[in-house]
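This is what each chain is made of:
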Amino acid sequence: MSSAPLLLVVAAALVDPNGHVLVQRRPPGKPMADLWEFPGGKVEPGELPEAALARELREELGVTVSPAALVPAAFASEALGERHLLLLLYTLRAWEGVPESRHATAIDWLRPAEMRGLAMPPADLPLIGLLERLV
Ligand SMILES: Nc1nc2c([nH]c(=O)n2[C@@H]2O[C@H](COP(=O)(O)OP(=O)(O)OP(=O)(O)O)[C@@H](O)[C@H]2O)c(=O)[nH]1
(Lines give C-alpha, C1' and ligand atoms only; values in the text may rest on other atoms or scores of the structure.)
Protein backbone atom coordinates (compact mmCIF):
# COMPACT_ATOMS: atom_id res chain seq x y z
CA MET A 1 0.00 0.00 0.00
CA SER A 2 1.32 3.46 -0.88
CA SER A 3 1.40 6.23 1.69
CA ALA A 4 2.19 9.92 1.63
CA PRO A 5 1.96 12.59 4.34
CA LEU A 6 -1.38 14.35 4.23
CA LEU A 7 -1.49 18.06 3.49
CA LEU A 8 -4.69 19.48 4.95
CA VAL A 9 -5.87 22.60 3.14
CA VAL A 10 -9.09 24.57 3.69
CA ALA A 11 -10.65 26.83 1.08
CA ALA A 12 -13.80 28.89 0.72
CA ALA A 13 -16.28 29.61 -2.04
CA LEU A 14 -17.53 33.10 -1.13
CA VAL A 15 -20.94 33.36 -2.78
CA ASP A 16 -22.51 36.76 -3.48
CA PRO A 17 -26.28 37.37 -3.72
CA ASN A 18 -26.14 36.89 -7.52
CA GLY A 19 -24.59 33.44 -7.26
CA HIS A 20 -21.10 34.58 -8.22
CA VAL A 21 -18.15 32.94 -6.47
CA LEU A 22 -14.83 34.60 -5.68
CA VAL A 23 -11.69 33.15 -7.25
CA GLN A 24 -8.20 34.53 -6.91
CA ARG A 25 -5.02 34.20 -8.93
CA ARG A 26 -2.00 32.69 -7.19
CA PRO A 27 1.03 35.00 -7.18
CA PRO A 28 4.28 34.24 -9.03
CA GLY A 29 6.93 32.43 -6.99
CA LYS A 30 4.45 30.13 -5.21
CA PRO A 31 3.69 26.56 -6.25
CA MET A 32 1.00 26.55 -8.93
CA ALA A 33 1.74 30.21 -9.70
CA ASP A 34 -0.81 32.07 -11.83
CA LEU A 35 -3.50 29.42 -11.46
CA TRP A 36 -6.93 30.55 -10.20
CA GLU A 37 -8.03 29.08 -6.88
CA PHE A 38 -10.40 29.48 -3.98
CA PRO A 39 -8.95 31.57 -1.14
CA GLY A 40 -7.63 29.53 1.77
CA GLY A 41 -4.49 27.69 2.79
CA LYS A 42 -2.88 25.11 5.02
CA VAL A 43 -4.26 24.18 8.43
CA GLU A 44 -1.50 24.78 10.96
CA PRO A 45 -0.77 22.19 13.66
CA GLY A 46 -3.26 22.50 16.51
CA GLU A 47 -5.65 24.65 14.49
CA LEU A 48 -9.28 23.77 13.82
CA PRO A 49 -10.12 23.79 10.08
CA GLU A 50 -12.77 26.52 10.35
CA ALA A 51 -10.51 28.73 12.47
CA ALA A 52 -7.71 28.24 9.95
CA LEU A 53 -9.99 29.27 7.11
CA ALA A 54 -11.24 32.35 8.95
CA ARG A 55 -7.56 33.29 9.52
CA GLU A 56 -6.66 32.77 5.86
CA LEU A 57 -9.64 34.83 4.66
CA ARG A 58 -8.62 37.69 6.95
CA GLU A 59 -5.00 37.53 5.72
CA GLU A 60 -5.77 37.06 2.03
CA LEU A 61 -8.93 39.13 1.53
CA GLY A 62 -9.18 41.36 4.60
CA VAL A 63 -12.63 40.06 5.52
CA THR A 64 -13.90 39.00 8.94
CA VAL A 65 -15.64 35.65 9.02
CA SER A 66 -17.41 33.75 11.76
CA PRO A 67 -16.23 30.13 11.69
CA ALA A 68 -19.88 29.13 12.24
CA ALA A 69 -20.81 30.72 8.88
CA LEU A 70 -18.56 28.30 6.99
CA VAL A 71 -20.71 25.52 5.54
CA PRO A 72 -18.93 22.29 4.54
CA ALA A 73 -19.56 21.78 0.83
CA ALA A 74 -17.15 19.37 -0.85
CA PHE A 75 -13.67 17.96 -0.67
CA ALA A 76 -10.90 16.95 -3.05
CA SER A 77 -8.31 14.22 -2.50
CA GLU A 78 -5.37 14.41 -4.86
CA ALA A 79 -1.69 13.45 -5.04
CA LEU A 80 0.48 16.55 -4.70
CA GLY A 81 4.18 15.83 -5.24
CA GLU A 82 5.39 13.69 -2.36
CA ARG A 83 2.34 14.55 -0.28
CA HIS A 84 -1.36 13.93 -0.61
CA LEU A 85 -3.64 16.93 -0.66
CA LEU A 86 -6.90 16.82 1.23
CA LEU A 87 -8.74 20.02 0.32
CA LEU A 88 -11.87 20.90 2.29
CA LEU A 89 -14.11 23.37 0.50
CA TYR A 90 -16.69 25.40 2.39
CA THR A 91 -19.31 27.80 1.10
CA LEU A 92 -19.68 31.20 2.73
CA ARG A 93 -22.51 33.66 2.12
CA ALA A 94 -21.91 36.25 4.87
CA TRP A 95 -18.78 38.12 5.87
CA GLU A 96 -17.75 41.55 7.11
CA GLY A 97 -15.73 43.83 4.86
CA VAL A 98 -15.16 44.07 1.13
CA PRO A 99 -12.87 41.34 -0.21
CA GLU A 100 -9.67 42.75 -1.70
CA SER A 101 -6.68 40.86 -3.04
CA ARG A 102 -3.94 41.20 -0.43
CA HIS A 103 -1.93 38.16 -1.60
CA ALA A 104 -3.33 37.27 -5.00
CA THR A 105 -2.48 39.10 -8.22
CA ALA A 106 -6.21 39.34 -9.05
CA ILE A 107 -9.64 38.38 -7.82
CA ASP A 108 -12.79 37.81 -9.84
CA TRP A 109 -16.42 36.84 -9.21
CA LEU A 110 -17.70 34.12 -11.53
CA ARG A 111 -20.59 31.71 -11.83
CA PRO A 112 -19.31 28.16 -11.27
CA ALA A 113 -20.03 27.29 -14.93
CA GLU A 114 -17.74 30.15 -15.99
CA MET A 115 -14.85 28.60 -14.03
CA ARG A 116 -14.62 25.81 -16.55
CA GLY A 117 -12.57 28.09 -18.78
CA LEU A 118 -10.10 29.00 -16.02
CA ALA A 119 -6.69 27.47 -15.37
CA MET A 120 -7.18 25.99 -11.89
CA PRO A 121 -5.24 23.37 -9.85
CA PRO A 122 -6.22 19.79 -10.76
CA ALA A 123 -7.85 19.23 -7.34
CA ASP A 124 -10.29 22.09 -8.00
CA LEU A 125 -11.70 20.82 -11.28
CA PRO A 126 -14.14 18.26 -9.79
CA LEU A 127 -15.23 20.88 -7.25
CA ILE A 128 -16.62 23.16 -9.97
CA GLY A 129 -19.37 20.71 -10.90
CA LEU A 130 -20.28 20.27 -7.25
CA LEU A 131 -20.45 24.04 -6.78
CA GLU A 132 -22.76 24.40 -9.78
CA ARG A 133 -25.33 22.37 -7.88
CA LEU A 134 -24.85 24.21 -4.57
CA VAL A 135 -24.76 27.86 -5.64
N1 LIG B 1 -5.90 27.96 -1.18
C2 LIG B 1 -6.04 27.00 -2.09
N3 LIG B 1 -5.06 26.07 -2.24
C4 LIG B 1 -5.26 25.13 -3.18
C5 LIG B 1 -6.43 25.10 -3.99
N6 LIG B 1 -6.33 24.05 -4.84
C7 LIG B 1 -5.16 23.42 -4.59
O8 LIG B 1 -4.73 22.42 -5.16
N9 LIG B 1 -4.49 24.10 -3.58
C10 LIG B 1 -3.19 23.72 -3.08
O11 LIG B 1 -3.19 23.65 -1.67
C12 LIG B 1 -1.97 24.15 -1.16
C13 LIG B 1 -2.31 25.35 -0.30
O14 LIG B 1 -1.18 26.07 -0.10
P15 LIG B 1 -1.10 27.64 0.02
O16 LIG B 1 0.21 28.01 -0.52
O17 LIG B 1 -2.29 28.31 -0.57
O18 LIG B 1 -1.21 27.72 1.56
P19 LIG B 1 -0.79 28.91 2.53
O20 LIG B 1 -1.64 30.11 2.21
O21 LIG B 1 -0.88 28.30 3.91
O22 LIG B 1 0.66 29.22 2.03
P23 LIG B 1 2.03 29.60 2.69
O24 LIG B 1 2.77 28.28 2.80
O25 LIG B 1 2.61 30.51 1.65
O26 LIG B 1 1.72 30.24 4.00
C27 LIG B 1 -1.10 24.50 -2.35
O28 LIG B 1 -0.31 23.38 -2.71
C29 LIG B 1 -2.14 24.76 -3.42
O30 LIG B 1 -1.66 24.62 -4.71
C31 LIG B 1 -7.43 26.09 -3.82
O32 LIG B 1 -8.47 26.16 -4.50
N33 LIG B 1 -7.18 27.02 -2.85
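Residues numbered from 1 in each chain as written. Predicted model: local features only at pLDDT ≥ 70, side-chain atom pairs only at ≥ 80, totals over all residues. Heavy atoms only, no water.

An unreviewed UniProt entry lists the protein chain under the name 8-oxo-dGTP diphosphatase, from Sphingomonas hengshuiensis. UniProt lists a comment for the protein chain under the heading Sequence similarities (unreviewed entry), and it reads "Belongs to the Nudix hydrolase family." As stated in UniProt under Cofactor (unreviewed entry), the record for the protein chain gives "Mg(2+)". (UniProt positions renumbered as here; feature names shortened; annotations may be inferred.)

(A) Region of interest: the pattern of salt bridges. Under the definition given, this model contains six salt bridges. With a shortest N-O distance of 2.8 Å, R102 and E100 are connected by a salt bridge. By relative accessible area, which is 49% here, R102 ends up partly exposed. Among the residues examined, E100 registers a relative accessible area of 40% and is labelled partly exposed. Among the ionic contacts, a cluster of salt bridges with common partners joins E47, R55, E56 and E59. (Salt bridge = Lys/Arg side-chain N within 4 Å of Asp/Glu carboxyl O. Buried < 20%, exposed > 50% of the residue type's maximum accessible area, 1.4 Å probe, protein only.)

(B) The arrangement of the confidence of the model for the protein chain in detail. Averaged over every residue, the pLDDT of the protein chain is 96; the share at 70 or more is 99%. In the model output, the complex is listed with pTM 0.96 alongside ipTM 0.94. (pLDDT = per-residue confidence, 0-100.)

(C) The arrangement of the site of the ligand in detail. Near the ligand you find 17 residues, and of these R26, E37, F38, K42 and D124 are the closest. Separating an oxygen atom of the ligand from a side-chain N or O atom of R26 is a distance of 3.1 Å. A distance of 3.3 Å is found between a nitrogen atom of the ligand and a backbone nitrogen or oxygen belonging to G40. Coverage of the ligand by the protein chains reaches 82% of its 640 Å² of free accessible surface. Mapped onto the shell around the ligand, the elements with two or more residues apiece are β4 (40–42), α1 (49–61) and β6 (83–92). For the shell around the ligand, the leading source of residues is β4, giving three residues. Of the residues assigned to the shell around the ligand, the class counts are eight nonpolar, two polar and seven charged. (Near = heavy atom within 4 Å. Polar contact = N/O pair within 3.5 Å; in protein donor to acceptor, adjacent residues only side chain to side chain. Areas by Shrake-Rupley, 256 points an atom, 1.4 Å probe, with all protein chains shown as cover. Helix = DSSP H or I, 4+ residues; strand = E, 2+ residues; numbered from the N terminus. Nonpolar A, V, L, I, M, F, W, Y, C, P; charged D, E, K, R; others polar.)

(D) Inspection of the sheet that holds strand β3 (residues 36–37) at higher detail. A sheet is described by the order of its strands in space; here three strands give the open sequence β3-β2-β7, paired in antiparallel fashion. One side of each edge strand has no neighbouring strand; the edge strands of this open sheet are β3 and β7 (106–110). Sheet topology places strand β2 (residues 21–25) next to β3; two bridges connect them, and they run antiparallel. Within β3, the residue paired with R25 across the bridge is W36. (Pairing = 2+ DSSP bridges.)

(E) Structural context of the nonpolar core. In this structure, V21, V23, F38, L87, L89, M115 and M120 are the most contacted members of the largest nonpolar core, which totals 21 residues. Broken down by element, this core gets its largest block of residues, four residues, from strand β1 (residues 6–14). Here L89 is in contact with A11, A12, A13, F38, V71, P72, A73, A74, L127 and L131, once residues within four sequence places are set aside. The next biggest cluster of nonpolar side chains, apart from the first, holds 15 residues, and it includes A52, L61, Y90 and L92. (Core = buried A, V, L, I, M, F, W, Y, C linked by side-chain atoms within 4.5 Å. Contact = heavy atoms within 4.5 Å.)

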